[in-house]
Amino acid sequence: MKVAVVMGSKSDYPKLEEGINLLEKYDVEVVVRALSAHRTPKQLMSFLEEIEDNTDVIIAAAGKAAHLPGVIASHTLIPVIGLPIKSSTMDGLDSLLSIVQMPKGIPVATVTIDLGLNAALMALQIMSIKYPKLKEDLKLYREEMEAKVLEDDKNLRGN
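Residues numbered from 1 in each chain as written. Predicted model: local features only at pLDDT ≥ 70, side-chain atom pairs only at ≥ 80, totals over all residues. Heavy atoms only, no water.

Peer 1: Quick question: what am I supposed to make of the overall build of the protein here?
Peer 2: When helices and strands are counted, the protein shows six helices and five strands. In terms of overall dimensions, the protein is globule-like: its C-alpha atoms have a radius of gyration of 17 Å, near the 15 Å expected for 159 residues. Counting only C-alpha atoms, the protein reaches 60 × 40 × 30 Å along its principal axes. Across the 159 residues in the protein, those meeting the buried criterion constitute 42%. In the protein, once contacts between residues fewer than 6 apart in sequence are set aside, the share between residues at least 24 apart is 66%. Put simply, the protein shows about 9,000 Å² of open surface, and 55% of that area lies on carbon and sulfur atoms. (Helix = DSSP H or I, 4+ residues; strand = E, 2+ residues; numbered from the N terminus. Rg over C-alpha atoms; globule rule 2.2 N^0.38 Å. Buried < 20%, exposed > 50% of the residue type's maximum accessible area, 1.4 Å probe, protein only. Contact = heavy atoms within 4.5 Å. Areas by Shrake-Rupley, 256 points an atom, 1.4 Å probe, with all protein chains shown as cover.)

Peer 1: Is there a simple way to explain the sheet that holds strand S2 (residues 29-34) in this structure?
Peer 2: What holds strands together in a sheet is hydrogen bonding between their backbones, with the strands either parallel or antiparallel. Spatial strand order, S2-S1-S3-S4-S5: five strands in an open sheet with parallel pairing. Each having just a single partner strand, S2 and strand S5 (109-110) make up the two edges of the open sheet. Sheet analysis places strand S1 (residues 2-7) next to strand S3 (residues 57-63), joined by five bridges and oriented parallel. Across the sheet, valine 6 pairs through a bridge with alanine 60, a residue of S3. Packed on one face of the sheet, helix H5 (residues 116-127) meets S1, S3 and strand S4 (80-85) and runs near 160 degrees to S3. (Pairing = 2+ DSSP bridges. Axes fitted to C-alpha atoms, helices over the stretch in contact; angles between N-to-C directions.)

Peer 1: Would you mind showing me how to read unusual backbone geometry here?
Peer 2: We note that aspartate 91 has phi near 55 degrees; this positive angle belongs to a residue other than glycine. Along the chain, aspartate 91 falls in the loop between S4 and helix H4 (93-100). Positive phi, close to 65 degrees, is recorded for aspartate 114, a residue that is not glycine. Structurally, the position occupied by aspartate 114 is in the loop between S5 and H5.

Peer 1: Help me out: how do you make sense of helix H1 (residues 13-25) in this one?
Peer 2: Since the α-helix packs 3.6 residues into each turn, any two residues three or four apart lie on the same face. With 13 residues, H1 should cover 18 Å at 1.5 Å per step; its first-to-last C-alpha distance of 18 Å lies within 8% of that length. Every buried residue of H1 is listed here: Leu16, Gly19, Ile20, Leu22 and Leu23. Directly beyond the C-terminal end of H1, a positive phi value near 60 degrees is found at aspartate 27. (Expected span 1.5 Å × (residues − 1).)

Peer 1: Sorry, what's going on with the nonpolar core here?
Peer 2: The nonpolar side chains of a soluble globular protein tend to be buried with one another. Formed by 27 residues in total, the largest nonpolar core has its most connected members in Val3, Val5, Leu16, Leu22, Leu23, Ile59 and Leu124. For this core, the secondary-structure elements that each account for two or more residues are S1, H1, S3, S4, H5 and helix H6 (132-157). Looking at this core element by element, the count peaks at seven residues for H5. Listed in part, the 19 residues of the second largest apolar core include Leu35, Leu44, Phe47 and Ala66. (Core = buried A, V, L, I, M, F, W, Y, C linked by side-chain atoms within 4.5 Å.)

Peer 1: Looking at this structure, I do not really get the pattern of salt bridges. What am I missing?
Peer 2: Once the charged atoms of two side chains with opposite charge are near each other, the side chains can pair. By the definition in use, this model includes six salt bridges. A salt bridge links lysine 139 to glutamate 136; its shortest N-O distance comes to 3.5 Å. Within this pair, lysine 139 and its partner glutamate 136 are both found in helix H6, separated by three residues, close to a single helical turn. By relative accessible area, which is 44% here, lysine 139 ends up partly exposed. The exposure class assigned to glutamate 136 is partly exposed, which follows from its relative accessible area of 45%. (Salt bridge = Lys/Arg side-chain N within 4 Å of Asp/Glu carboxyl O.)

Take a look at the structure:
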């Protein structure tokens, strides 16, 4: 089980860290790179060639024009999850729209702005088709979320 996490800039890492930790918790190998679709295109293409035969999902995080997820998706058949990163302009809406508005034939799954945890969860769900243990792990994860919400509800009412 392997996920590649690619970010356009090292400054995006804090938005991905929680998701990376979750993937590693479930024994998923995670390869993390900071590669730009615009500033390091040769290195990005080389990296995609390296991972083509041994990676299940790619999480691509980018801000502003946010071309990275789409460029990656156009060069591989590995499922790509785009994580829009909030930039100083437009509060991340520019990134979201750049990622979600992919042209016909080159899809990129897109998650909430700055929410690397959701990108990791989507990667786990995709991989759970191939790895049944992940499906069981995700069921437990959701049961834990449910229990926490119910505990918070109970404490809120003072019961």
